[in-house]
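Summary of structural features
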Amino acid sequence: MNSVYTCAICPKKPCAKGDDNFPKNCPTVMEKEIIEKSIERYNVDENINKIMKVANKLPVTEDGELRSRAEEIIDLTKA
């Protein structure tokens, strides 16, 4: 992974939408093998699956406000 990715400022977010219109420097395209291995592991390992499901919900509070990184870590350890 030697490329610079711009996921944070990607206006389309095709990876999250299931779209195929990826920017040329998208890691979903450029690192396809790593992505596929990660998905396979996510689907096979119950612990990784559980952690990722909890982590996916942590960035925002119930009212939609962004949490600090410390709040996210605290909530993850409680799950």
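Here we summarise the structure given alongside this text. The model shown is predicted, which means the values in this text are computed figures rather than measured ones. (Residues numbered from 1 in each chain as written. Predicted model: local features only at pLDDT ≥ 70, side-chain atom pairs only at ≥ 80, totals over all residues. Heavy atoms only, no water.)

Before going further, it helps to spend a moment on the pattern of salt bridges. Considering all chains together, one arrives at one salt bridge under this definition. One salt bridge connects E33 with K37, and the closest N-O pair in it is separated by 3.3 Å. Taken together, the positions of E33 and K37, both in helix α3 (residues 32–44) and four residues apart, correspond to about one turn of that helix. Side by side, E33 and K37 carry an identical accessibility label, which is exposed. (Salt bridge = Lys/Arg side-chain N within 4 Å of Asp/Glu carboxyl O. Helix = DSSP H or I, 4+ residues; strand = E, 2+ residues; numbered from the N terminus. Buried < 20%, exposed > 50% of the residue type's maximum accessible area, 1.4 Å probe, protein only.)

Closest axis-to-axis distance for the α3/helix α4 (residues 46–57) pair is 5 Å, and the angle between their directions is 100 degrees. With respect to each other, α3 and α4 are oriented roughly perpendicular. Within the contact between the two elements, α3 uses R41, Y42 and V44 and α4 uses E46, I48, N49, M52 and K53. For the contact of α3 with α4, the residue count by class is four nonpolar, one polar and three charged. (Axes fitted to C-alpha atoms, helices over the stretch in contact; angles between N-to-C directions. Parallel < 35°, antiparallel > 145°, perpendicular 65-115°, else oblique. Contact = heavy atoms within 4.5 Å. Nonpolar A, V, L, I, M, F, W, Y, C, P; charged D, E, K, R; others polar.)

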